[in-house]
Protein chains: 2
Amino acid sequence: MKLRQLGEDRLVKSLLRALPSNQLISSTGDDCAVVKSVAPGNLLVLKTDCVVERIHFQSATDPILIGWKAMMRPLSDFAATSAIPQFALITLVVPGTKSTSWVEKLYRGLRRAASRFDVDIVGGETSATPGPVSISVSVSGFVERKRRVSRAGGKSGDDLFVTGRLGGSLRRKHLRFVPRIEESRWLTQNFQIHAMMDLSDGLGIDLPRLARASRLGFEIKIEQLPLTAGAKIENAISDGEDYELLFAISPRERDRLQKAWRKKFPKLPLTRIGRLNPQSAIRNPKLKSGYVHFQ
Amino acid sequence: MKLRQLGEDRLVKSLLRALPSNQLISSTGDDCAVVKSVAPGNLLVLKTDCVVERIHFQSATDPILIGWKAMMRPLSDFAATSAIPQFALITLVVPGTKSTSWVEKLYRGLRRAASRFDVDIVGGETSATPGPVSISVSVSGFVERKRRVSRAGGKSGDDLFVTGRLGGSLRRKHLRFVPRIEESRWLTQNFQIHAMMDLSDGLGIDLPRLARASRLGFEIKIEQLPLTAGAKIENAISDGEDYELLFAISPRERDRLQKAWRKKFPKLPLTRIGRLNPQSAIRNPKLKSGYVHFQ
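Every value quoted in this text rests on a predicted model; they were computed, and no experiment measured them.

Caption draft 1: Main features of the overall build of chain A. A tally of helices and strands in chain A yields eight helices and 11 strands. Taking contacts inside chain A between residues at least 6 apart in sequence as the whole, the part at least 24 apart equals 86%.

Caption draft 2: Examining helix α6 (residues 203-213) of chain B more closely. Residue and element names in this part refer to chain B. Taking burial as the measure, the 11 residues of α6 include eight buried ones, the bulk of the element. Buried residues of α6: Leu203, Gly204, Asp206, Leu207, Pro208, Arg209, Leu210 and Ala211, and no others. Two residues or fewer after α6 comes Arg215, characterised by a positive phi angle close to 55 degrees.

Caption draft 3: Structural detail: the sheet that holds strand β9 (residues 217-220) of chain A. Residue and element names in this part refer to chain A. Pairing is antiparallel in the open sheet, where five strands are placed in the order β8-β10-β7-β11-β9. Two strands in the sheet have a free side with no partner beyond their single neighbour: β8 (195-198) and β9. Adjacent strand axes in the sheet meet at a mean angle of 25 degrees when their direction is disregarded. Note: β9 against strand β11 (residues 270-277), four bridges, orientation antiparallel. Across the sheet, the residue bridging to Phe218 is Leu276, located in β11. The strands touched by helix α5 (residues 181-190) within the sheet are β8 and β10 (245-249), with β10 carrying the most contacts at an inclination of about 10 degrees.

Caption draft 4: Representation of the packing of aromatic side chains. Residue and element names in this part refer to chain A. Across all of its chains, the model carries 12 aromatic pairs over all chains by this definition. With 5.6 Å between their ring centres and 20 degrees between their planes, Phe161 and Phe247 make a pair best called stacked. Here the residue Phe161 occupies a position in strand β7 (residues 159-163), and Phe247 occupies one in strand β10, the gap between them amounting to 86 residues. Assigned by exposure class, Phe161 and Phe247 land together as buried. Taken together, Trp186, Phe191, Trp261 and Phe265 form an aromatic cluster joined through their ring pairs. A cation sits over an aromatic face here: Lys98 above Trp102, 4.2 Å from the ring centre. One cation-aromatic arrangement involves Arg116 over Phe117; the distance from NZ or CZ to the ring centre is 5.1 Å.

Caption draft 5: Spatial organisation of the packing of helix α5 (residues 181-190) of chain B against helix α8 (residues 254-264) of chain B. Residues and elements named next belong to chain B. Running from N to C, α5 and α8 cross one another at 140 degrees; their axes reach a closest spacing of 12 Å. Classed by the angle they form, the pair α5 and α8 counts as oblique. Classified by chirality, the crossing of α8 by α5 is right-handed. Where α5 approaches α8, its residues Glu182, Glu183, Trp186, Leu187 and Asn190 are matched on the opposing element by Arg256, Leu257, Ala260, Trp261 and Lys264. Among the residues forming the contact of α5 with α8, the class breakdown is five nonpolar, one polar and four charged.

Caption draft 6: Spotlight on the interface of chain B and chain A. The partner chain A presents 59 residues to the 59 residues of chain B that form the contact. Surface buried jointly by chain B and chain A totals about 4,500 Å² across both partners, of which 58% is contributed by carbon and sulfur atoms. On the chain B side of the contact with chain A, B:Asp31, B:Leu44 and B:Leu46 bury the most area, a combined 17% of that side's loss. Linking chain B with chain A are two salt bridges, by the criterion used here. Two residues, A:Glu125 and B:Lys47, come together in a salt bridge whose shortest N-O distance is 2.7 Å. Across the chain B-chain A interface, the total number found is nine residue pairs in polar contact (both at pLDDT 80 or more).

Caption draft 7: Local environment of the pairing of β8(A). All names here are of chain A. Because side chains alternate across β8, one face comprises the buried residues Ala195 and Met197, and the other comprises Met196 and Asp198, equally buried. Both β8 and β10 contribute to a ladder of four bridges, which runs antiparallel. Its bridge partner being in β10, Asp198 is matched across the sheet by Leu245.

Caption draft 8: Representation of unusual backbone geometry within the structure. Residue and element names in this part refer to chain B. Located in the positive-phi region is Arg54, a residue other than glycine, with phi close to 70 degrees. The phi dihedral of Tyr243 is positive, around 55 degrees, even though this residue is not glycine. Structurally, Tyr243 is set in the loop between α7 (233-238) and β10 (245-249).

Caption draft 9: How the structure looks around the confidence of the model for chain A. Residue and element names in this part refer to chain A. In this model, chain A carries a mean pLDDT of 88, and residues with pLDDT of at least 70 account for 85%. Note on residues 281-295: pLDDT under 50 across the span, and 20 contacts to partners over four residues away in sequence or across chains. Scored as a complex, the prediction yields pTM 0.89 and ipTM 0.86.

Caption draft 10: Focus on the relation of the copies chain B and chain A. Structural alignment of chain B on chain A gives an RMSD of 0.0 Å, achieved by rotating through 180 degrees and translating 0.0 Å along the axis. Taken together, the turn and the small shift mark the pair as related by a two-fold rotation axis. Ranked by how close their C-alpha atoms come to the rotation axis, the residues of chain B are headed by B:Gly131, at 2.3 Å. The residues that chain B uses at the interface reappear at the interface of chain A in 100% of cases, marking a shared surface.

Caption draft 11: Region of interest: empty space enclosed by the protein. Here the structure, examined in full by the defined rule, presents five cavities of 30 Å³ or more. Surrounding the largest cavity, 13 residues form its lining, A:Leu46, A:Ser138, A:Ser140, B:Leu46 and B:Ser138 being those nearest its centre. Contributions of two or more residues to the lining of the largest cavity are made by β3 (42-52), β4 (84-93) and β6 (134-144) of chain A together with β4 (84-93) and β6 (134-144) of chain B. Per-class residue counts for the lining of the largest cavity are eight nonpolar, four polar and one charged.

Caption draft 12: Highlighting the pattern of salt bridges. Following the criterion strictly, the structure yields 28 salt bridges over all chains and no others. Put simply, A:Glu144 and A:Arg185 hold a salt bridge, and the shortest N to O gap is 2.7 Å. With A:Glu144 in strand β6 and A:Arg185 in helix α5, this pair connects stretches of sequence that are 41 residues apart. For A:Glu144, a relative accessible area of 21% corresponds to the partly exposed category. A:Arg185 sits in the buried class, given a relative accessible area of 13%. Linking B:Glu219 and B:Arg275 is a salt bridge whose minimum nitrogen-to-oxygen distance equals 3.3 Å. Taken together, the positions of B:Glu219 in strand β9 (residues 217-220) and B:Arg275 in strand β11 (residues 270-277) put the pair 56 residues apart, joining distant regions of the chain.

Criteria and thresholds
- Residues numbered from 1 in each chain as written.
- Chains lettered and ligands numbered in written order.
- Predicted model: local features only at pLDDT ≥ 70, side-chain atom pairs only at ≥ 80, totals over all residues.
- Heavy atoms only, no water.
- Helix = DSSP H or I, 4+ residues; strand = E, 2+ residues; numbered from the N terminus.
- Contact = heavy atoms within 4.5 Å.
- Buried < 20%, exposed > 50% of the residue type's maximum accessible area, 1.4 Å probe, protein only.
- Pairing = 2+ DSSP bridges.
- Axes fitted to C-alpha atoms, helices over the stretch in contact; angles between N-to-C directions.
- Phe/Tyr/Trp six-rings, centres within 6.5 Å; stacked < 30°, edge-to-face > 60°.
- Lys NZ or Arg CZ within 6 Å of the ring centre and 35° of its normal.
- Parallel < 35°, antiparallel > 145°, perpendicular 65-115°, else oblique.
- Left-handed = near helix turned anticlockwise from the far one by under 90°.
- Nonpolar A, V, L, I, M, F, W, Y, C, P; charged D, E, K, R; others polar.
- Buried area = accessible area lost by both parts, 1.4 Å probe.
- Salt bridge = Lys/Arg side-chain N within 4 Å of Asp/Glu carboxyl O.
- Polar contact = N/O pair within 3.5 Å; in protein donor to acceptor, adjacent residues only side chain to side chain.
- pLDDT = per-residue confidence, 0-100.
- Least-squares fit on C-alpha atoms with pLDDT ≥ 70 in both.
- 1 Å grid on protein atoms, 1.4 Å probe; cavity = no way out; pocket = protein on both sides within 12 Å on 5 of 7 lines; lining within 4 Å.
- Points joined across faces, edges and corners; volume = space filled by probe spheres on them.

Written out as structure tokens, the structure reads:
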């Protein structure tokens, strides 16, 4: 059956039928989602992101994987902030010619990804469109005041670490990644993380962003970048969509961090790729892209 | 200049430059927006909605008005819930061929609408697309536990009221409406509102939704519907995009409500259009659309 034969009310109702609702007070069917508020003293964390057909996924991509990616992208930003995601709202812009089974699979992927992190999907909107499919996911959650991390806050001399391996994400990982929320929460529970972000546009673009936000420069040992099997250094720098964590931490914590990490996450590499240094190193205004800093 | 010559980082940065930030702790440029949480005892309210080119607006529509509409649509759902909106995140999906001045005007409309209700725009994402423009706005805010209203809660015998005038919105109002947040907040501060919603799809579709959510039927005096100048009864029932409030309240409150309303909102009509009645009246499963109930 095509979407246009079904109608939005019935679609949203059927898609949201099987959702958990432990904290939801009123939801879809109502005009807004109403949920329990964040515990006093914690901060409210908000993020929205979208995926668009032919930009972030191919038209022939398995819709379960599209749904997974659409949900996991904003959740990766929660990892960057060391925040706990709780509630998601979905805006689905889809042509009436798509089949209902395609949309059902998409929601299966969205739900599967949400439940991986105990996120409740508490609302949804759908709209027709004459163009490509786009799925926007907006997530709210919280972070304890003392555990919030941002891109700013790095100190000169800090070690720079990345989780996992970089490069070649488009071959497989970009549709199947698991945001580093567990790792990020463990890091801020056990260490003073000065600055952190997730790598979505590639180290060559993202690392300069973290350095700029911290008003510092950086130096990297290119040959130490942890590479995905089959990827080259250029891929690790430029491909993007790694969804790994990049963070800055005092070198005094180095030994304790590396030992504790290996014990806690034995399968996931943690690699020291370089360090933050004084701002003067990147003062040259002609350096437009982060890429040139790596040469 | 075309968007594709500018790049997303610079675009988002320039668009968010002039934003207020009274409660924002960290924002765009960072991965998530982090804000002060809702006061203890209040409920967190979440809503996302979108407008799509050639569905919700014409390609030639003034982008300031498009931005206004994109922001006001989810805010109208806050009115329905009697909630206070606080923070908005914007996802802009736009082809690289659009001019930067078009996007700047769009944001001017978004900001103008947000500031009308003291809403802070705390984050934004943009994505390229091979198709039409779509703008998704996701809003968070709060409502006091005792003032929350939903579509459920209507009681048999309740009066049904609508604010303003219905029908003919596409001629002008759908791009310029002001959500009834002030009116809604006044209502729940001074009266026990049993059920409420905003009229977005037309009374013929929306009223049956409120009745169903309250597990009741309804009866309407069609000739009493408040009509926009030039609109007919069919328009009031079927056009949609009225963004007026529909609510249910005990008839014991009728006199006090009507008197106080005329004093508080002398320019805005408040019309009793009918009442809720026992469920049996709409048990016939063949009645698919609300429209038939009006005959």
